[in-house]
Amino acid sequence: MGHGWQGAVLKLMRGRDFTFTVRANERISGRLHRLSFTDGGMLRETGIHPTMWVRLWFDNHGRPHQRGYTLVEPDPAAGTFGIDFVLHAGCASDWARAARPGDTIEATVQGSAFGVPDPLPSRLLMVGDAASRPAIDSLLDAMPLTAATIWFETSHPEDTEHVLRHRTAGRELVPVPRRDGGAHLAQTVRSELPDRLTPDAFVWIACDTATTRTLASFARKQLSVPKERLYALGYWRDA
């Protein structure tokens, strides 16, 4: 399958293409499906970092469609990793439901970059949802002794079941129901973030694109969070 104009742009931006092979599939919950992959040599070539993600290419009625997914438990030595799919309507979820060991999918690595803050922050202040949950987990794993507050937007009762796999003292989960296209999450974080912000805290925001932009702007302009203490990336767009 060709990747169309999006693939051409990613090539110009030095995107690297790989082919992944499904090793196993596992239904984790009614909404969450995990596929395990062999990496086609990717991890050896790229290395790994917390929150690392790749672009998978799907066939959408004969047209290429790409979506970004965070790697779960990447193992460079074995050349394996997992990807969690939140199941809903669409070509990506349809492919994940039907995928079986031996099936392959094309992928591009471009745009994923994150370094653990140095020195480590006293607290992580994180905003995310089901789409960014694997990235939240990987960042918490990378800083296991760092306290954290996670505002986690939910659209389904099962969404919080797999957050904070390693719950420890000092890590606070704040479930926030999705309402008004993300406006409720934005309002909640705007009212609660200032009281938790310290000079060396690190703010990490990854939810729908509009809400991410709103909250990143608030952190920069109203709270004066310096750029080296703020990371924001929109993970998806409202239809």
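A quick note: this is a predicted structure, and the numbers were derived from the prediction, not measured. In this numbering scheme, every chain counts its residues from 1 along its sequence in written order. Selection of residues for local features in this predicted model requires a pLDDT of at least 70, selection of side-chain atom pairs for listing and counting requires 80 or more, and totals for whole chains, interfaces and linings are taken over all residues. The basis for every side-chain value is the complete set of heavy atoms in the structure, and neither hydrogens nor water enter the calculation.

Participant: Any details on the pattern of salt bridges? Residues and values, ideally.
Facilitator: Side chains that differ in sign of charge can pair as their charged atoms come close. Each salt bridge in this description consists of a side-chain nitrogen of Lys or Arg and a carboxyl oxygen of Asp or Glu lying within 4 Å of one another. For the structure shown, the criterion picks out nine salt bridges. The salt bridge partner of Glu45 is Arg16, with a shortest N-O separation of 3.8 Å. Residue Glu45 is found in helix H2 (residues 42-46), and its partner Arg16 is found in strand S1 (residues 16-27); the two are separated by 29 residues along the sequence. Whether a residue is buried, partly exposed or exposed follows from its accessible area with a 1.4 Å probe, protein chains only, as a fraction of its type maximum: under 20%, in between, or over 50%, in that order. Judged by relative accessible area, which is 47%, Glu45 ranks as partly exposed. Looking at Arg16, the relative accessible area reads 35%, which means it is partly exposed. In this structure, Glu153 and Arg178 form a salt bridge, with 2.9 Å as the shortest nitrogen-oxygen distance. Here the residue Glu153 occupies a position in strand S9 (residues 147-154), and Arg178 occupies one in the loop between strand S10 (171-177) and helix H5 (183-196), the gap between them amounting to 25 residues. Because the salt bridges share partners, they merge into one network encompassing Arg34, Asp84, Arg133 and Asp137. Strands are runs of DSSP state E lasting at least two residues, helices are runs of H or I lasting at least four, and both sets are numbered from the N terminus onward.

Participant: Go over the nonpolar core with me, naming the residues and quoting the values.
Facilitator: Grouping buried Ala, Val, Leu, Ile, Met, Phe, Trp, Tyr and Cys residues that are joined through side-chain atoms within 4.5 Å yields what is termed a nonpolar core. Ranked by size, the top nonpolar core spans 24 residues in total, and within it Phe20, Met42, Leu56, Ile83 and Phe85 carry the most contacts. Contacts: residue pairs with any heavy atoms within 4.5 Å of one another. Here Leu56 is in contact with Phe20, His65, Gln66, Arg67, Tyr69, Ile83, Phe85, Ile105, Glu106 and Ala107, once residues within four sequence places are set aside.

Participant: Could you give an account of the sheet that holds strand S11 (residues 202-205), naming the residues involved and the relevant values?
Facilitator: Read across the sheet, five strands follow the order S10-S9-S8-S11-S12 without closing on themselves; strand pairing throughout is parallel. What marks the edges here is a single partner per strand, and that holds for S10 and strand S12 (230-232). On average, each strand axis in the sheet is tilted by 10° relative to the strand beside it, whichever way the strands run. Alignment of S11 against S12, held across three bridges, turns out to be parallel. Counterpart to Val203 in the pairing with S12 is Leu230. Along the sheet face, helix H6 (residues 209-222) touches strand S8 (123-129), S11 and S12 and points at about 165° away from the line of S12. Paired strands, in this sense, are two strands between which DSSP finds at least two bridges. Every angle, taken between N-to-C directions, lies between 0 and 180 degrees, and every axis is a line fitted to C-alpha atoms, over only the stretch in contact when it is a helix.

Participant: I'd like a rundown of helix H3 (residues 91-98), residues and numbers included.
Facilitator: Buried within H3 we find Cys91, Ala92, Ser93 and Ala96. Of the surrounding secondary structure, the elements contacted by the buried residues of H3 are strand S2 (32-38), strand S3 (53-60), strand S4 (63-70) and strand S6 (80-86).

Participant: Explain helix H4 (residues 133-142) residue by residue, including any values.
Facilitator: Counting buried positions over the ten residues of H4 gives eight, a clear majority of the element. Buried within H4 are the following residues: Arg133, Pro134, Ala135, Ile136, Asp137, Ser138, Leu139 and Leu140.

Participant: Summarise the packing of aromatic side chains; cite the residues concerned and give the values.
Facilitator: The aromatic pairing rule takes the rings of Phe, Tyr and Trp, using the six-membered ring of Trp, and pairs them if the centres are within 6.5 Å, calling planes under 30 degrees apart stacked, those over 60 edge-to-face and the rest tilted. In total, this model carries eleven aromatic pairs according to the counting rule given. Arranged with centres 6.1 Å apart and planes meeting at 55°, the rings of Phe20 and Phe37 form a pair that is tilted. Taken as a pair, Phe20 in strand S1 and Phe37 in strand S2 lie far apart in primary sequence, 17 residues in all. The pair Phe20 / Phe37 is uniform in exposure class, with both members buried. Note on Phe58 and Tyr69: the rings are 6.3 Å apart at their centroids and 75° apart in plane angle, and the pair reads as edge-to-face. In this pair, Phe58 sits in strand S3 while Tyr69 sits in strand S4, placing the two residues eleven residues apart along the sequence.

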